[in-house]
Amino acid sequence: MLAESWDIAEYLDRAFPSQPPLFCGPAEHAMVRLMDTWFTTEILRRMFRLYVLDVHNAARPEDRPYFRQSREGYLKGRSLEDYTSDRAEHLPALREALKPLRLHLSHYPFLGGSTPNFADYIALGAFHWVASVSTLPLLSSTDDALRSWLDRGLQLYGGLGCDSR
């Protein structure tokens, strides 16, 4: 059993060599790994800071006690409510941290260039996660580069990302 998306991606490429690979070579694998490291440390960490209480509130009632206990343990006993009480003040820093994506997407339709690659799926998954729970808009209404990329990403695979479930 594998739980981390990176491990799953590498497993899929090994286990199904007759299918199109997620990484078209060692160079792409290395660059996407760099993007994953950057995205995790600079973006997901900030998203957690803003949206952890929204995730809790969106969870099934029977899952909330475990979610709260495990996350508040990570926060060294600080409540989710206290931790997120000033989240609106942290939103501009998250939006600014997205600048490298914005700049790249001003030249290419996807992070992978002309077609999406695993870097797109890493970031799209996080944006989709936030959109499914958030009560605070992540993007400004004028963030055209990221909004256009998100729209293209949601339309992949026959619009699967637009499924309301």
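None of these values were measured; they are calculated from a predicted model.

Basis of the calculations
- Residues numbered from 1 in each chain as written.
- Predicted model: local features only at pLDDT ≥ 70, side-chain atom pairs only at ≥ 80, totals over all residues.
- Heavy atoms only, no water.
- Axes fitted to C-alpha atoms, helices over the stretch in contact; angles between N-to-C directions.
- Helix = DSSP H or I, 4+ residues; strand = E, 2+ residues; numbered from the N terminus.
- Parallel < 35°, antiparallel > 145°, perpendicular 65-115°, else oblique.
- Contact = heavy atoms within 4.5 Å.
- Nonpolar A, V, L, I, M, F, W, Y, C, P; charged D, E, K, R; others polar.
- 1 Å grid on protein atoms, 1.4 Å probe; cavity = no way out; pocket = protein on both sides within 12 Å on 5 of 7 lines; lining within 4 Å.
- Points joined across faces, edges and corners; volume = space filled by probe spheres on them.
- Salt bridge = Lys/Arg side-chain N within 4 Å of Asp/Glu carboxyl O.
- Buried < 20%, exposed > 50% of the residue type's maximum accessible area, 1.4 Å probe, protein only.
- Phe/Tyr/Trp six-rings, centres within 6.5 Å; stacked < 30°, edge-to-face > 60°.
- Lys NZ or Arg CZ within 6 Å of the ring centre and 35° of its normal.

S.K.: Looking at this structure, how should I read the packing of helix H7 (residues 118-133) against helix H8 (residues 144-159)?
M.R.: Between two packed helices, the angle of one axis relative to the other and the distance separating the axes together describe the packing. The N-to-C vectors of H7 and H8 enclose an angle of 100 degrees; their axes lie 11 Å apart at closest approach. Our classification of the angle between H7 and H8 gives roughly perpendicular. Only Trp149, Leu150, Gly153, Leu154, Leu156 and Tyr157 of H8 make contact with H7, whose side of the interface consists of Asp120, Tyr121, Ala123, Leu124, Phe127 and His128. A class-by-class count of the residues in the contact of H7 with H8 yields 9 nonpolar, 2 polar and 1 charged.

S.K.: Help me out: how do you make sense of the layout of surface pockets in this one?
M.R.: Over the atoms rolls a probe the size of a water molecule, and its path tells where empty space is left. One number sums up the size of the largest pocket: a volume of about 490 Å³. Lining the largest pocket we find 21 residues, and of these Leu124, Phe127, His128, Leu150 and Leu154 sit closest to its centre. Elements with a minimum of two residues in the lining of the largest pocket: H7 and H8. Among the elements that make up the lining of the largest pocket, the one with the highest residue count is H7 (8 residues). Residue composition of the lining of the largest pocket, grouped by class: 13 nonpolar, 6 polar and 2 charged.

S.K.: What is the right way to read the pattern of salt bridges from this model?
M.R.: When the charged atoms of two side chains with opposite charge come close together, those side chains can pair. Here the structure, examined in full by the defined rule, presents 11 salt bridges. Between glutamate 42 and arginine 45 there is a salt bridge, with the nearest N and O atoms lying 4.0 Å from each other. Of this pair, glutamate 42 and arginine 45 both sit in helix H2 (residues 26-58), 3 residues apart, which is roughly one turn of the helix. Residue glutamate 42 is classed as partly exposed on the basis of its relative accessible area of 28%. For arginine 45, a relative accessible area of 47% gives the class partly exposed. In this structure, arginine 60 and aspartate 63 form a salt bridge, with 2.9 Å as the shortest nitrogen-oxygen distance.

S.K.: When you look at the packing of aromatic side chains in this model, what are you seeing that I'm missing?
M.R.: Ring pairs (aromatic) are described by centroid distance and by the angle formed between their planes. Taken as a whole, this structure holds 8 aromatic pairs when the rule is applied. With a centroid separation of 5.6 Å and an interplanar angle of 80 degrees, the aromatic rings of phenylalanine 127 and tryptophan 149 are classed as edge-to-face. One end of the pair, phenylalanine 127, is in helix H7; the other, tryptophan 149, is in helix H8, with 22 residues separating them in the sequence. This pair shows no difference in class: phenylalanine 127 is buried, exactly as tryptophan 149 is. A network of ring pairs unites the aromatic residues Trp6, Phe23 and Phe118 as a single cluster. Looking at arginine 49, its charged tip hangs above the ring of tyrosine 83, at a distance of 4.5 Å from the centre. Here the basic side chain of arginine 152 rests over the ring of phenylalanine 110, its NZ or CZ set 5.8 Å away from the ring centre.

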